[in-house]
Structure formats: C-alpha cells, structure tokens
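# Structural features, examined
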2 protein chains.
Amino acid sequence: MSITMRDVARAANVSVATVSHVINDKPGARIGDDARRRVLDAVAELGYRPNALAKTLSQGGSRFIGLVADAIATTPFAGQIIHGAQDEAWRHGYVLLVANTEGNTAAENDAIAMMLEHQVRGILYSTWYHREIEVPALLKQTETVLVNCYSEDDAYPAVVPDEEQGGRTATEELIAAGHRRIAMVNTTTPSPAQTGRLAGYASALAAAGIDYDSSLVFEAESAQEGGYAIAPAVIASGAEGVFCHNDRVAMGLYDGLRERGLRIPQDMAVMGFDNQDVIAAHLRPPLSTVALPHYEIGAAGVRTLLGLETITGSDRLLVTCPPVVRASL
Amino acid sequence: MSITMRDVARAANVSVATVSHVINDKPGARIGDDARRRVLDAVAELGYRPNALAKTLSQGGSRFIGLVADAIATTPFAGQIIHGAQDEAWRHGYVLLVANTEGNTAAENDAIAMMLEHQVRGILYSTWYHREIEVPALLKQTETVLVNCYSEDDAYPAVVPDEEQGGRTATEELIAAGHRRIAMVNTTTPSPAQTGRLAGYASALAAAGIDYDSSLVFEAESAQEGGYAIAPAVIASGAEGVFCHNDRVAMGLYDGLRERGLRIPQDMAVMGFDNQDVIAAHLRPPLSTVALPHYEIGAAGVRTLLGLETITGSDRLLVTCPPVVRASL
DNA sequence: ATGAAAGCGCTAACAT
DNA sequence: ATGTTAGCGCTTTCAT
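Nothing here was measured: the structure is a model prediction, and the numbers come from that model. (Residues numbered from 1 in each chain as written. Chains lettered and ligands numbered in written order. Predicted model: local features only at pLDDT ≥ 70, side-chain atom pairs only at ≥ 80, totals over all residues. Heavy atoms only, no water.)

## Thoughts on the packing of helix α9 (residues 224–236) of chain A against helix α10 (residues 247–259) of chain A
All names here are of chain A. Running from amino to carboxyl end, α9 crosses α10 at an angle of 50°, the nearest separation of the two axes being 6 Å. Taken together, α9 and α10 sit at an angle that is classed as oblique. Considering how the two elements wind past one another, α9 and α10 form a crossing that is right-handed. Here α9 contributes Gln224, Gly227, Tyr228, Ile230, Ala231, Val234 and Ile235 to the contact with α10, which in turn contributes Arg248, Val249, Met251, Gly252, Leu253, Asp255, Gly256, Leu257 and Glu259. Here the contact of α9 with α10 is composed, by residue class, of 9 nonpolar, 4 polar and 3 charged. (Axes fitted to C-alpha atoms, helices over the stretch in contact; angles between N-to-C directions. Helix = DSSP H or I, 4+ residues; strand = E, 2+ residues; numbered from the N terminus. Parallel < 35°, antiparallel > 145°, perpendicular 65-115°, else oblique. Left-handed = near helix turned anticlockwise from the far one by under 90°. Contact = heavy atoms within 4.5 Å. Nonpolar A, V, L, I, M, F, W, Y, C, P; charged D, E, K, R; others polar.)

Here's what the structure looks like:
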C-alpha cells in the first residue's frame, strides 16, 4: 500500500536501521554525511511518512492521551477544555483521543475501553460544569486526572476552577465600582459553584468592611428564566449592584430590570460569571463578568497527567478565574 | 508491561492463534467448547485487553477517522458536528481523531500530518459556519470529505446544510402564522447562508403569492449588535413579521423592538435561524427558529467517507434544516 | 559508519 | 480442532 521505511532504505541504498537513525536524528548514531543525504533525499522524493502506529508498537507506550467529555455538543465550555488540552498535549508530542459521552454511562465505558485498547498514556475525565462525580471503575486501569470535576475522596488528582476566588473577584469589581449595597443571585443547584461563589462574595464584603446581609442573597434557577423571575426581588432589596451566579442569569435579569424601567449600570450594576461566548460580550450593555478558565484547566490537566504540574496543598489544582470588565458596572 | 495474547494463550494452554480466533469470534474457525471456555476464563482472569495498535498494524488500515475542526472552542456548533461524527464513526467501528486548529494554517497542517501518520482511513475537514474554503494540499494524500464547507471546484464530496430550504421553511412559518408583510434581515457577510436563505425567503413568498418587496429586505451585521441597530428600520417598514439571518440577530432585534414598545409576537413576529443553544430557547418569548443540523451533518460526513452515503445530483449533500417553533410568532 | 536480526502484539494462511 | 509461522512497519541491540 503505502511507502514504508524499507522503500526508503532501498532507494537510498542503506539499511532500514540507518533510515531509522537519520529520521529520528538519533543522538548516538554516527551516520556518514553522504548516507544521510541519500536518505533525506529518498524521503523527500518518495514522500515517505512514518507509521505512527508501528512506531509506538515497537517502542511500547503510545503517544495518546484520552479525553472523555460529557457534553461537547451543548456548550462551548467543553470545547475550550479540549482546545487547551490539545494544545498542551501537542506541545509534548501527544495526540488527543477525544470521546463525547453526553453523560451516557454506557458510552462512557465504551470510550474508556477504547482508549485503554489504544494504549493511552492516561485519561483526562472531564465535565462541562464543575461538580463532584463518581469515577468510573475502569479508570483504575490507567493514570487519570479529573478535569473540571473531582471525586468525593479526592482519590484522583483534579484540576478545577477556583470558585471562591472567582466570587471574591466578581464582588470586588462591584465594590471597586463604588457600590456597597450588593446583592447576589445564587443558583438553586447544590454545587461547588453555589458554595464557592457565595463564600467569595462574603469574603470580599468582609474585606471591604461591609456587613453581610442575608436579605441581599437570592436564589434562582441558573438560566435566563431564573434571572428574569428574580428581578423584582432584587429591585425591592434596594441593591445598587448585583452579582449573578452566571451570565445566563444576568441575561434574564437584564430583561427583568429593563422591563421595570431600570437602566444598567446607572440604576443597577450587574456582574456575571462564566464569560459565556455568545452572550456576555453582546448584551446591552456588554456584561462585566468573571471568566471560567476552561482552556487553562484543560492544559493544566494534561500537564498534571504528564507529571509536569505539582499539586500542592490539597489534591485539587485550583485555577484562577480572571475578571472581564465590560460596561455593566 | 501489560497482559498480551501470549499470556492468555499460556494460561489457557492453547496457542495464540486459538486465542485470536475466539476473541474475534472468527467465522470459519472451529474451536472446541473446552478450549473456548479456557480462553474466555483466562481473558477474564487476567483482565486481558487487546492492543488495538498491534491489531491494526497486522491487519493494515486502521480504524481511525480524522476530523479537523476550525473552532471547537467558540461555538457549540463544532461540538455538534463532532458529536454526530463520533456517534456514526463508532457505529461502524471507527474512532475519531479530533484536531482543533482555530483557523491556524500551521496547526491545520500539523493536524493533517499527524492524522496521516496515524494511518487514518480518511479525513473530515470541517468549518463551524458554512462557507467556501481552499482545501489544504495535504488532504490530497487521503480520502477526504468536506463538512459544513465546500471547495470552489467541488473537487471533494461535501456535506452542507440546505440554506435555501431553511430560508423557505422559516418564511413559510411566518406565512403560516398569518403574516403577509414579511421582512428579512440578512447578513452583510457574503456566504452561502446569505444568498441561500434569501433565495428561500423569496421562493416561499412567491409560492404564497406574495410579491417580493426589496424595501423589506435589510442587511445587518450578523450579531446581536446588528439586530439591535436595524430595529428602527424594520419597524418603519411596516412589517408584521421578520425573518432574521440568525438567532443572535434576532436576540438584538428583540431588544430594539422592546425598547420601542413593540411586543413579540403581537406587534411583530420574529423568526430566527440556527437554533443556537444558549439563546433560542431562553429569549423572552422563546424564539421560533430553524435548526442548523450540525449533528446530522457530522454523521453524514462519516457515512460519505465510508462510502455509505451516495451523493446524487451535485457534488454536495444537502442536509435539511428543520423548523423549531416556539413562541415568537 | 552501517547492517543484520530480534522483537513489539497481533492476524492470517497454512499445517497438522 | 488447534498449532506454526510469517509478516505488519518500526526500533534497537549487537555485529561488523
């Protein structure tokens, strides 16, 4: 079928061993200038391309890293994780084997089995939103790193966003914009985001010498509908600014606020969370928010898998969520 | 290192050939019930897992299909294509090798080279929005199918959305809702979507016996900002309904309409296009739109590559864009 | 400085 | 019904 090393060897009038040596630029190999040139020429002429599969077979241990994702089709979040993981993997000579499971356990096991059969160096198990998961038993059979999720017992290294720092940052932005009476619209869904962002909100308030007022903390379904529905309550609270659990909630809140004649940011400053692509930059006014560093999380996942990143302190690597200031405060 | 077929053979007291036969359930192989049981037991006991790489090496031709995408990190569109492609690939025993290039030519060539070295059965070259592309020269070296894009000379099979049918469907929905004076907000960007959707709009009008009125056709940047800016003009046109080039434009238009006191759909019916995840279902009111069938496009791409799908007529396989009716008309 | 040969884990004739 | 053996394309040790 295709051109093999043998063909090159024959064309260059050398042995396959020699070809192998020059192609891989083997350190301790003394190849004559002439032979080297002949090989290189033959490679170019024949359009030779090494067979990566054969290579890993003979070397043992492949250059694959598996990435199982639970939802690459619904949000761009998983895409960003994949992007970061891939860039980092390539940087180290690895190729990503991606599998999308859409939360289906059977698909998940198939995916992991497939990766194992392809001799992956390890597996990155990722979720599209930060949460606790039960680690599939199959993952015991290879090195694995949890990405954007973690197991209860922290039995595996995990890379997750620093929710608390993110919540603190969001609140600090509101404070820096001159507000003191700041509401928070939290999610109704129990999650690290729910507790972490709230803790960050509280700690930023405390640091600024503002009393925590529980009547300023609301809960709403974490989507546009939730934000819209909570608008009256937020207005009634007399808040000057509000930190929303995520950008979608902020988007719904925008509608609710405007419908009641409030202007953003003059009458109410709004801060989001996630920096979600299709939304944040395009609301009116553009939404200030805190970015979820998915790209960086994916990249850090690969580094952790390859033993390039050391997780100090807890067993989770916390990645910083940077502020993205636009015009809503 | 790991358990090989030899280990299983030894444990079951048979030859590797026998193991291979029972594991692959080879048709024309007569294996004694006893031997078969012993092999199966040994496999289970040792936790044997076949080495997919070795397998493809000896069989020739791997089970990989490459998918190069230009933007998996920014919209969920690419994710849906990947999802569809992966499901279909798995169904036929193939594994997807995904590479994200974010439009970078160097990354693209690296990706294709990598796939070639991994002996892919073929490559799916995809873009996140439907457009004409220049096919990378490297792709000549393998079977390739264009997904959500096409080359000027149609030198490669391509799978794309049926923009014209989509535009027609969108307009028909507006007509079915009782409107006759229907505006269209087209994009300013030259593209198959621009011409196709407009053609569909015109043809639906014609079919309903409504005169095409060029003063009802507007152009706007295809994002929220464009939709917002065009709102006054659309209102001034006296249209009862408007077909927007995409959901983001519709989202901006919503703002512009409401700001001027118009209610949707009572004062103006709105139709979108794309059925974009984070937006369409969550606007107020939920947006009626036409779905871009990315999942199906990805799946059809794989089928085309495997020769399971025959492209009749032109060299492009047109995939239908189905309507998604919600509350905006 | 270069080549011969063994072997990576598996499949597929071909023997027995 | 089961085993032997020769590759698949490459790397690597050991000769020469």
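Moving on from the model shown.
## Brief notes about the protein's contact with DNA strand D
Around DNA strand D lies a shell of 25 residues, among which A:Met5, A:Tyr48, B:Ser15, B:Arg30 and B:Gly32 are the nearest. Near the protein, meaning within 4 Å, the atoms of DNA strand D are sugar or phosphate in a fraction of 72%, with bases accounting for the rest. If you list the elements that add at least two residues to the surface near DNA strand D, you get α2 (16–24) and α4 (52–59) of chain A together with α2 (16–24) and α4 (52–59) of chain B. A per-class count over the surface near DNA strand D returns 10 nonpolar, 12 polar and 3 charged. (Near = heavy atom within 4 Å.)

## Examining empty space enclosed by the protein
In this structure the tally under the stated criterion is 1 cavity of 30 Å³ or more. A:Met251, A:Tyr254, A:Asp255, A:Arg258, A:Leu283, B:Met251, B:Tyr254, B:Asp255, B:Arg258, B:Leu283 and B:Arg284 together form the lining of the largest cavity. Looking at the lining of the largest cavity, the elements with two or more residues in it are α10 of chain A together with α10 (247–259) of chain B. Here the lining of the largest cavity is composed, by residue class, of 6 nonpolar, no polar and 5 charged. (1 Å grid on protein atoms, 1.4 Å probe; cavity = no way out; pocket = protein on both sides within 12 Å on 5 of 7 lines; lining within 4 Å. Points joined across faces, edges and corners; volume = space filled by probe spheres on them.)

## Examining a negative patch on the surface
Residues and elements named next belong to chain A. A cluster of acidic residues, Glu132, Glu134, Glu152 and Asp153, forms a negative patch on the protein surface. By the element assignment, Glu132 lies in strand β3 (residues 123–133). Looking at Glu132, the relative accessible area reads 42%, which means it is partly exposed. (Patch = residues over 30% accessible without salt bridge, like charges linked within 9 Å, V, L, I, M, F, W, Y side chains within 5 Å. Areas by Shrake-Rupley, 256 points an atom, 1.4 Å probe, with all protein chains shown as cover. Salt bridge = Lys/Arg side-chain N within 4 Å of Asp/Glu carboxyl O. Lys, Arg positive; Asp, Glu negative; His and termini not counted. Charge placed at Lys NZ, Arg CZ, Asp CG, Glu CD. Buried < 20%, exposed > 50% of the residue type's maximum accessible area, 1.4 Å probe, protein only.)

## A few points about the sheet that holds strand β9 (residues 269–271) of chain A
Residue and element names in this part refer to chain A. Across the sheet, which stays open at both edges, the 4 strands sit in the order β7-β6-β8-β9 with parallel pairing between neighbours. The two strands at the open ends of the sheet, each matched to only one other strand, are β7 (217–220) and β9. On average, each strand axis in the sheet is inclined to that of its neighbour by 20°, with strand direction left out of account. Relative to β7, strand β6 (residues 182–187) is paired through 4 bridges, and the arrangement is parallel. Looking at β7, one finds that Asn186 is bridged to Glu219. Where helix α7 (residues 163–176) meets the sheet, its contacts fall on β6, β8 (241–244) and β9, and the angle it forms with β8 comes to roughly 165°. (Pairing = 2+ DSSP bridges.)

## Remarks on the relation of the copies chain A and chain B
Its rotation angle being 180°, the transformation that places chain A on chain B also includes 0.1 Å of axial translation and leaves an RMSD of 0.1 Å. Expressed as a symmetry operation, the mapping of one chain copy onto the other fits a two-fold axis. When C-alpha positions in chain A are compared against the rotation axis, the closest is assigned to A:Pro76, at 2.4 Å. (Least-squares fit on C-alpha atoms with pLDDT ≥ 70 in both.)

## Digging into the protein's contact with DNA strand C
Looking at DNA strand C, there are 24 residues lining it, with A:Ser15, A:Arg30, A:Gly32, B:Met5 and B:Tyr48 nearest. Each atom of DNA strand C within 4 Å of the protein was assigned to sugar, phosphate or base; sugar and phosphate come to 77%. The separation between a phosphate oxygen of DNA strand C and a polar main-chain atom of A:Ser15 is 2.7 Å. Measuring from a phosphate oxygen of DNA strand C, one finds a side-chain N or O atom of A:Arg30 at 3.4 Å. Breaking the surface near DNA strand C down by element, the ones donating at least two residues are α2 and α4 of chain A together with α2 and α4 of chain B. For the surface near DNA strand C, the per-class residue count stands at 10 nonpolar, 11 polar and 3 charged. (Polar contact = N/O pair within 3.5 Å; in protein donor to acceptor, adjacent residues only side chain to side chain.)

## Here's the deal with the pattern of salt bridges
On inspection of all chains with the given rule, the structure shows 35 salt bridges over all chains. As a salt-bridge pair, B:Asp70 and B:Arg131 come within 3.1 Å of each other at their nearest N and O atoms. Taken together, the residues span a long stretch of sequence, with B:Asp70 in the loop between β1 (64–69) and α5 (77–91) and B:Arg131 in strand β3 (residues 123–133) at a distance of 61 residues. When its relative accessible area of 10% is taken as the criterion, B:Asp70 is described as buried. Look at the salt bridges and you will find they share partners, linking A:Glu88, A:Arg91, A:Glu296, A:Arg303 and A:Glu309 into a network.

## Description of the UniProt feature "domain: HTH lacI-type" (unreviewed entry) in chain A
Per the UniProt record, "domain: HTH lacI-type" (unreviewed entry) is annotated on residues 3–59 of chain A. Helix makes up 68% of residues 3–59 of chain A and strand 0%, whereas the separation of the span's terminal C-alpha atoms amounts to 20 Å. (UniProt positions renumbered as here; feature names shortened; annotations may be inferred.)

## Describing the side chain of A:Asp70
Within the local environment of A:Asp70, its side chain forms a polar contact with the side chain of A:Arg131, the two groups lying 3.1 Å apart. Ignoring any residue separated from it by four or fewer positions in sequence, one finds A:Asp70 in contact with A:Asn100, A:Thr101, A:Glu102, A:Gly103, A:Ser126, A:Thr127, A:Trp128 and A:Arg131.

## Topic: the domain arrangement of chain A
If you check the domain split of chain A, you get domain 1 (1–49) and domain 2 (163–290). Measuring from the centre of the C-alpha atoms in domain 1 of chain A to the corresponding centre in domain 2 of chain A gives 63 Å. (Domains from an automatic or database assignment.)

## Remarks on the packing of aromatic side chains
In total, this model carries 9 aromatic pairs over all chains according to the counting rule given. Ring centres 6.3 Å apart and planes at 20° place the aromatic pair B:Phe77 and B:Trp128 in the stacked group. In this pair, B:Phe77 sits in helix α5 while B:Trp128 sits in strand β3, placing the two residues 51 residues apart along the sequence. In this structure B:Trp128 comes out as partly exposed when scored by relative accessible area, which is 25%. Here the aromatic cluster, defined as three or more aromatic residues joined through ring pairs, consists of A:Phe77, A:Trp128 and A:Tyr129. Above the ring of A:Phe273, the side-chain terminus of A:Arg197 is found at 3.7 Å from the ring centroid. (Phe/Tyr/Trp six-rings, centres within 6.5 Å; stacked < 30°, edge-to-face > 60°. Lys NZ or Arg CZ within 6 Å of the ring centre and 35° of its normal.)

## Description of the interface of chain A and chain B
Every contact between the two is made by 56 residues of chain A and, on the other side, 56 residues of chain B. Contact between chain A and chain B buries roughly 4900 Å² in total, counting both sides, with carbon and sulfur atoms accounting for 60%. On the surface where chain A and chain B come into contact, there are 4 salt bridges. Linking A:Arg284 and B:Glu259 is a salt bridge whose minimum nitrogen-to-oxygen distance equals 3.1 Å. In this structure, the connection of chain A to chain B is made through 16 residue pairs in polar contact (both at pLDDT 80 or more). At 7 residues, the largest contribution of residues to the side of chain A that touches chain B is made by helix α6 (residues 105–117) of chain A. Of the residues in the side of chain A that touches chain B, the class split is 28 nonpolar, 17 polar and 11 charged. (Buried area = accessible area lost by both parts, 1.4 Å probe.)

## Let's talk about α2(A)
Residues and elements named next belong to chain A. Within the span of α2, buried status applies to Thr18, Val19 and Val22. Buried residues along α2 cover an arc of 100° about the axis, so they all sit on one side. A positive phi of about 55° marks Asp25, the residue just after α2. (Arc of directions from axis to C-beta.)

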